[in-house]
Amino acid sequence: MKEIITGAEALMRSLMNEGVDTIFGYPGGSIMPVFDAMFDHREDFRQVVVRHEQGAAHAAQGYARSSGKVGVCIVTSGPGATNTLTGISDAILDSTPIVVIAGQVSSAVLGTDAFQEIDLVGVTQPISKWSYQIRRAEDIAWAVARAFYIAKTGRPGPVVLDFTKNAQVAEVAYEPAYFESIRSYVPYPKPNMDAVRSAAELINRAKRPLALVGQGVELGEAHEELKAFLEKGNIPAARTLLGLSALPSDYPLTVGMLGMHGNLSCNVNTNQCDVLIAIGMRFSDRVTGNLATYAKQAKIIHLDIDRSEIDKCVKVDIPVIGDCKETLPLLTELLDEASHKEWIDSFAEYDRIEYEKVIDKALNPKSGPLKMGEVARRISEATDNSAILVTDVGQNQMMSCRYFKFTKPHSVLTSGGLGTMGYGLPAAIGAAIAVPERTVFAFMGDGGLQMNIQEFGTIMEQKVPVKIILLNNNYLGNVRQWQELFFNHRYSCTPMLNPDYNMIAAAYGIPSRLVTERSMLDDAINEMLETDGAFLLHVAVEEEDNVMPMTPPGASVDYMIFE
């Protein structure tokens, strides 16, 4: 005989059935029965009460991207639900599997503008993989199982469940549900072998092949398959921002980071290669620059699990649709052993130019204020380049991603598609909870930190060991840089009058250190790493330091400025 339980309890059982061990959330009126049920499951779930619902969504993202599992957050209706929209939007653009469960008013008053009612399904359909309203307790197990299946399969993404209050309190004969397929939903397309053969033939004839490696390799756990492909074809590989840890930073065939603030060599050689092989990346405008001049000399092969990405931005010659964990070995098997020494050596001269004009000055300044780049590199090296880098958005993001080094997969968490200031701190909380065995560094600027600084309270309550690095230049640095370069130094609304961040950290019981001189940095890094639990390393950096090189907006990808 099936057990009779409430809908709220059915949700708890369904989450347990999906292997959920952590819930990020914030209670409220329309979700109160669920939080009441959670009280009896304190041993089953780590229940993390954030200080703002946006923080819950970003924490679920950080949990998902660092662990490979689905992140979960539970909030109330109305403003509680709408506060998660930024995180949901971020997750759809960066292919992050999260399930957001929001309370809703009872079915009987839907559509009456009841207190804290909002059409969440209508609002979230354009920014989620699936959005569904649960109106009956009988539908809970089915909806949760379907939600998790959709969120984690194929190209991952966010799913939203709008949970009416009457369904939470109604009784149901509970039976767990499972999904192995959904009609018309094909998460793993079967590779077309004609396309695979055509791609292999094109690569085998290439004299100057270049692979562009995106986050799809990380999402598909195809790290070893990628290495086998690159090594057999002796193909140099550039990485996107979200794909930085898909290959170790010191991997012999790695040639740098693509994009507006990427490395000169791979940006220039994008417009010099004869075959471009895009693997699990979406040709973002931040990677391509001006599409009218992007890789016009090259034949383009695009490996992607999502058919909708094919020809969306860049017209490709051969699409290879499918999971790259499956398509890469099929392609590798047909490759000839190759040597492209002269082509690979061509990257070195551009690397020398960039080192002399930018990197040496960023990492080895002889005097003056601290540089963001040197701080990022020294912190990375202090953990043998094995830590997880979480960034906020802006100069802190570009500098830390440029100069941090990676030795392990799933080591860079940053807001790529949406560029969400305020992402860094809660995402780092989620990552530190998901993988407690790894050191998590959260790099952020003074602007981004203040967008979700209230999550210091979550760190305090949950004792989350996040190492926070505040690169403080007293500006909204990235906007200021654009104002300097393109708006005649008119610094409109970008100078920041900042509070005493160390006093704020102290109020939350977070130890901290202020670094104002280069001679103080190493001792402060050691203190941060030797401190159990959270730590704020507050570094005063050069106020008008710029992220270089840079492809100006609207310029060709191979045109980069250095000052």
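Residues numbered from 1 in each chain as written. Predicted model: local features only at pLDDT ≥ 70, side-chain atom pairs only at ≥ 80, totals over all residues. Heavy atoms only, no water.

> Before we go on, may I ask you to explain the state of the cysteines in this structure?
By definition, a disulfide links the sulfur atoms of two cysteine residues through a covalent bond. Summed over all chains, the structure comprises zero disulfides. Here Cys-273 is not disulfide-linked; the sulfur of Cys-266 is the nearest cysteine sulfur, at 11 Å. Cysteine Cys-313 shares no disulfide, and the gap to the nearest cysteine sulfur, in Cys-273, comes to 17 Å. (Disulfide = S-S within 2.5 Å.)

> How do you make sense of the pairing of strand S15 (residues 388-391) when you look at a structure like this?
Sheet faces and side chains relate simply in a regular strand, where the side chains alternate between the two faces. On S15, burial covers both faces: Ile-388 and Val-390 on one face and Leu-389 and Thr-391 on the other are all buried. Strand direction decides the pairing type here: S15 and strand S17 (residues 440-445), joined by four bridges, are parallel. When the sheet's bridge partners are listed, Val-390 is paired in S17 with Ala-442. Note on the crossover from S15 through helix H17 (residues 395-403) to strand S16 (residues 412-413): the handedness is right-handed. (Buried < 20%, exposed > 50% of the residue type's maximum accessible area, 1.4 Å probe, protein only. Helix = DSSP H or I, 4+ residues; strand = E, 2+ residues; numbered from the N terminus. Pairing = 2+ DSSP bridges. Right-handed = clockwise from strand over helix to strand, strands pointing away.)

> Just checking my understanding: could you explain the packing of aromatic side chains for this structure?
Between two aromatic rings, the relevant description is the distance of the centres plus the angle of the planes. Enumeration according to the criterion identifies 15 aromatic pairs in this entry. Ring centres 5.1 Å apart and planes at 15 degrees place the aromatic pair Trp-130 and Tyr-132 in the stacked group. Centre to centre, the rings of Trp-482 and Phe-486 are 5.6 Å apart; their planes meet at 80 degrees, and the pair counts as edge-to-face. Placement of both Trp-482 and Phe-486 in helix H21 (residues 477-486) is noted, with a separation of four residues, approximately one turn of the helix. Exposure remark for Phe-486: the relative accessible area of 33% places this residue in the partly exposed category. Each residue in the set Trp-130, Tyr-132, Trp-142, Tyr-149, Phe-179 and Tyr-185 is aromatic and connected to the rest through ring pairs, giving one cluster. Positioned above the aromatic ring of Trp-130, the side-chain terminus of Arg-146 is 4.9 Å from the ring centre. The ring of Phe-562 has Lys-357 lying over it, and the distance from NZ or CZ to the ring centre is 4.9 Å. (Phe/Tyr/Trp six-rings, centres within 6.5 Å; stacked < 30°, edge-to-face > 60°. Lys NZ or Arg CZ within 6 Å of the ring centre and 35° of its normal.)

> Help me understand the domain arrangement of the protein chain, please; the structure alone is not making it clear to me.
When the parts come together, some accessible area is lost, and that loss is often what is quoted as the size of the interface. Annotation of the protein chain at the domain level lists domain 1 (3-174), domain 2 (193-347) and domain 3 (370-540). Relative to domain 3, the C-alpha centre of domain 2 lies at a distance of 31 Å. Of the residues lining the interface, 16 residues belong to domain 2; the matching set on domain 3 comes to 17 residues. Here domain 2 meets domain 3 over a buried area of about 1400 Å², counting both sides, of which 62% is carbon and sulfur. Summed over the shared surface of domain 2 and domain 3, the number is seven residue pairs in polar contact (both at pLDDT 80 or more). (Domains from an automatic or database assignment. Contact = heavy atoms within 4.5 Å. Buried area = accessible area lost by both parts, 1.4 Å probe. Polar contact = N/O pair within 3.5 Å; in protein donor to acceptor, adjacent residues only side chain to side chain.)

> What is the right way to look at the environment of Ile-74 in this model?
Examined against the element boundaries, Ile-74 turns out to sit in strand S4 (residues 71-75). Taking the C-alpha atoms as reference points, Ile-74 and Ala-102, separated by 28 residues in sequence, lie 5.8 Å from one another. Non-local contacts of Ile-74, meaning those with residues more than four positions away in its chain, are made with Leu-15, Ile-23, Phe-24, Gly-25, Tyr-26, Ile-31, Val-34, Phe-35, Met-38 and Ile-101.

> Teacher, can you tell me more about the sheet that holds strand S2 (residues 22-25) here?
Whenever strands of a sheet pair, they do so through backbone hydrogen bonds, lying parallel or antiparallel. Taken together, six strands build an open sheet; the order of strands is S3-S2-S4-S5-S7-S6 and the sheet is parallel. For this open sheet the edge positions go to strand S3 (46-49) and strand S6 (130-134), each flanked by a neighbour on one side alone. On average, adjacent strands in this sheet sit at an angle of 20 degrees to one another, irrespective of strand direction. Where strand S5 (residues 98-104) meets strand S7 (residues 159-164), six bridges bridge the pair, whose relative direction is parallel. Bridging across to S7, Gln-104 finds its partner in Thr-164. Packing against the sheet, helix H2 (residues 32-39) makes contact with S2, S3, S4 and S7, and its axis sits at approximately 125 degrees to S4. (Axes fitted to C-alpha atoms, helices over the stretch in contact; angles between N-to-C directions.)

> What's the story with the side chain of Glu-455 in this structure? I'm lost.
Along the polypeptide, Glu-455 turns up in the loop between helix H19 (446-451) and helix H20 (456-462). Of the side chains with opposite charge, Arg-51 comes closest to the buried, unpaired Glu-455, at an N-O distance of 6.0 Å. One polar contact links the side chain of Glu-455 to the main-chain amide nitrogen of Arg-51, over a distance of 3.1 Å. Setting aside its immediate chain neighbours within four residues, Glu-455 contacts Val-50, Arg-51, His-52, Gly-55, Leu-425, Pro-426 and Ile-429. (Lys, Arg positive; Asp, Glu negative; His and termini not counted. Salt bridge = Lys/Arg side-chain N within 4 Å of Asp/Glu carboxyl O.)

> How do you make sense of the nonpolar core when you look at a structure like this?
General note: in soluble globular proteins, nonpolar side chains tend to be found buried as a group. Judged by nonpolar contacts, the single largest core of 49 residues is most densely connected at Phe-24, Val-390, Leu-449, Phe-456, Ile-459, Val-466 and Ile-468. At eight residues, the largest contribution of residues to this core is made by helix H18 (residues 424-434). Counting contributing residues per domain, this core is built from domain 1 (3-174) and domain 3 (370-540), each supplying no fewer than three. By size, the runner-up hydrophobic cluster in this structure holds 40 residues, among which are Ala-37, Met-38, Ala-147 and Val-172. (Core = buried A, V, L, I, M, F, W, Y, C linked by side-chain atoms within 4.5 Å.)

> Explain unusual backbone geometry here, please?
Peptide bonds are mostly trans, and most non-glycine residues show a negative phi. Of note, the amide linkage connecting Met-548 to Pro-549 takes the cis form, showing an omega dihedral of 0 degrees. Along the chain, Pro-549 falls in the segment after strand S20 (535-540). A positive phi angle, near 60 degrees, is found at Asp-113, a position not held by glycine. With respect to the helices, strands and loops of the structure, Asp-113 is situated in the loop between S5 and helix H6 (120-124). Positive phi outside glycine occurs at Ser-184, with the angle close to 75 degrees. Locating Ser-184 in the fold gives a position in the loop between strand S8 (171-173) and helix H9 (193-205).

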